[in-house]
2 protein chains.
Amino acid sequence: MSPRVGLDLLTIINTAAEIADTDGVDNVTLAAIARKLNVRSPSLFNHIQGLPELKRHLSLRGLTLLNEKLTEAAKGKMKDEALISMAYGYLEFSREHNGLYDLTLSAPEPNDEEMQTASRKIIQLLSNILSDYHLTNENTIHAIRALRSILHGFSSLEQKQAFNLAVEPEESFQVLIAGFISYLNQLGS
Amino acid sequence: MSPRVGLDLLTIINTAAEIADTDGVDNVTLAAIARKLNVRSPSLFNHIQGLPELKRHLSLRGLTLLNEKLTEAAKGKMKDEALISMAYGYLEFSREHNGLYDLTLSAPEPNDEEMQTASRKIIQLLSNILSDYHLTNENTIHAIRALRSILHGFSSLEQKQAFNLAVEPEESFQVLIAGFISYLNQLGS
DNA sequence: ATTACAAACTAATAGTATTAGTTATAATAA
DNA sequence: TTATTATAACTAATACTATTAGTTTGTAAT
């Protein structure tokens, strides 16, 4: 009947990512993935070590896609324009990839170089964008943390439906980013 | 041997809260709670409906404690002083109650009045503090969202160890709140 | 002292991840 | 072309989880 269905790591990750983004991270189970692939769950172990390893793959994919999206958004732009475009890219990513976005924030193992590198790339991108504002090293660190707090906080709250919708979230986001830019200008002077 | 141990809802919630704050929300299981209370897990069902209901109790406790802490922090203070004090209270709460803090952000069921009310109280407190800045209604909404994004974003990232510790997080938080205050002053003019 | 409520129990079911061991297919060697 | 071999997918089993049903028994009220 079925042996040699053609399962492989990529297929499994893709299926898991789909479940994560449509049904939420909590529904990423080997059982659900196996069901979706018409396979018994032990079969998955021929391609992965277990669920934790698979989730790490998803984190990695989330970080990679996010980095690509932000890089693309900022490409060829400078200062405010780059920052604003990147910020909207971030928000969009969290909306499009609900589950993967959540997973980008799971703390990596202390010795997981690959994850650390993927995270660092995003920080580096933010740092590059902020370099247009000519801050001191210490203020750059403050600014990166502030920016991440704003982006993550807003995205996360929106995702958790923490905003009543009487006023467009989009508009609040725009005002928030504008405020951050004036904060940057103050830091730089 | 054991019947009539003296189990009750409060004891169960307290034990669950302790596990949440020390071992993380994912480790809040009926099995773990029962072990800690030297009881078999079905016994818990004499006092709770099930795990989801228990987690809702924890959310509610988190929201209540957070509200108390923020209210206390802002009490008798005005404007910048109230805002800053409240902000530090928020950060402190997320540090002291890792697990409960996470649970305060789980989206409430649409018809869960009690949860909605508990959430609204915190929004109301923020709104009261911000009223000292004389914003328009719409800008007040933007400002509440911005403030929540900042507070949640920073707390959440810190909790997830997303900050390298070369520079004190505390200092970044201080700069961030100062930036928010100047954002408020701009909005108000 | 008896009754009766309900707290805690045991037993059982169903769903999860995971391991061990089997079968059979696809790729390779003869 | 056939025999060999590696391994993909399988079944069976174990160990957790939550939850339900049904039993025992302490405790409180009569």
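Residues numbered from 1 in each chain as written. Chains lettered and ligands numbered in written order. Predicted model: local features only at pLDDT ≥ 70, side-chain atom pairs only at ≥ 80, totals over all residues. Heavy atoms only, no water.

A. Region of the structure containing the overall build of chain A. Looking only at helices and strands, chain A has 9 helices and 0 strands in total. Along chain A, from the amino end to the carboxyl end, the secondary structure elements read α-α-α-α-α-α-α-α-α. If one aligns the C-alpha atoms of chain A with their principal axes, the spans along those axes are about 70 × 40 × 30 Å. Residues counted as buried form 49% of the 189 residues belonging to chain A. Sequence-distant contacts, at least 24 apart, represent 68% of the contacts inside chain A between residues at least 6 apart. When the accessible area of chain A is evaluated, it comes to approximately 9600 Å², of which 50% is carbon and sulfur surface. Side-chain charges of chain A comprise 17 positive and 23 negative groups, with the mean position of each set lying 5 Å from the other. (Helix = DSSP H or I, 4+ residues; strand = E, 2+ residues; numbered from the N terminus. Buried < 20%, exposed > 50% of the residue type's maximum accessible area, 1.4 Å probe, protein only. Contact = heavy atoms within 4.5 Å. Areas by Shrake-Rupley, 256 points an atom, 1.4 Å probe, with all protein chains shown as cover. Lys, Arg positive; Asp, Glu negative; His and termini not counted. Charge placed at Lys NZ, Arg CZ, Asp CG, Glu CD.)

B. Layout of a negative patch on the surface. Where like charges cluster on the molecular surface, the negative patch consists of Asp26(A), Asp102(A), Asp26(B) and Asp102(B). If you trace the backbone, Asp26(A) turns up in the loop between α1 (9–23) and α2 (30–36). We classify Asp26(A) as exposed; its relative accessible area is 73%. (Patch = residues over 30% accessible without salt bridge, like charges linked within 9 Å, V, L, I, M, F, W, Y side chains within 5 Å. Salt bridge = Lys/Arg side-chain N within 4 Å of Asp/Glu carboxyl O.)

C. Structural detail: the domain arrangement of chain A. Residues and elements named next belong to chain A. What the domain assignment lists for chain A is domain 1 (1–48) and domain 2 (56–188). Computed over C-alpha atoms, the centres of domain 1 and domain 2 are 30 Å apart. In this assembly, 10 residues from domain 1 lie in contact with 10 residues from domain 2. Taken together, domain 1 and domain 2 are joined by 0 salt bridges. Applying the counting rule to domain 1 against domain 2 returns 4 residue pairs in polar contact (both at pLDDT 80 or more). In terms of residue class, the side of domain 1 that touches domain 2 is made up of 8 nonpolar, 1 polar and 1 charged. (Domains from an automatic or database assignment. Polar contact = N/O pair within 3.5 Å; in protein donor to acceptor, adjacent residues only side chain to side chain. Nonpolar A, V, L, I, M, F, W, Y, C, P; charged D, E, K, R; others polar.)

D. Region of the structure containing the relation of the copies chain A and chain B. Rotating chain A by 180° and moving it 0.0 Å along the rotation axis overlays it on chain B with an RMSD of 0.0 Å. Seen this way, the second copy is the image of the first under a two-fold rotation axis. Identified as the residue of chain A closest to the rotation axis by C-alpha distance is Gly153(A), at 1.8 Å. Same-surface contact between copies: 100% of interface residues of chain A are shared with the interface of chain B. (Least-squares fit on C-alpha atoms with pLDDT ≥ 70 in both.)

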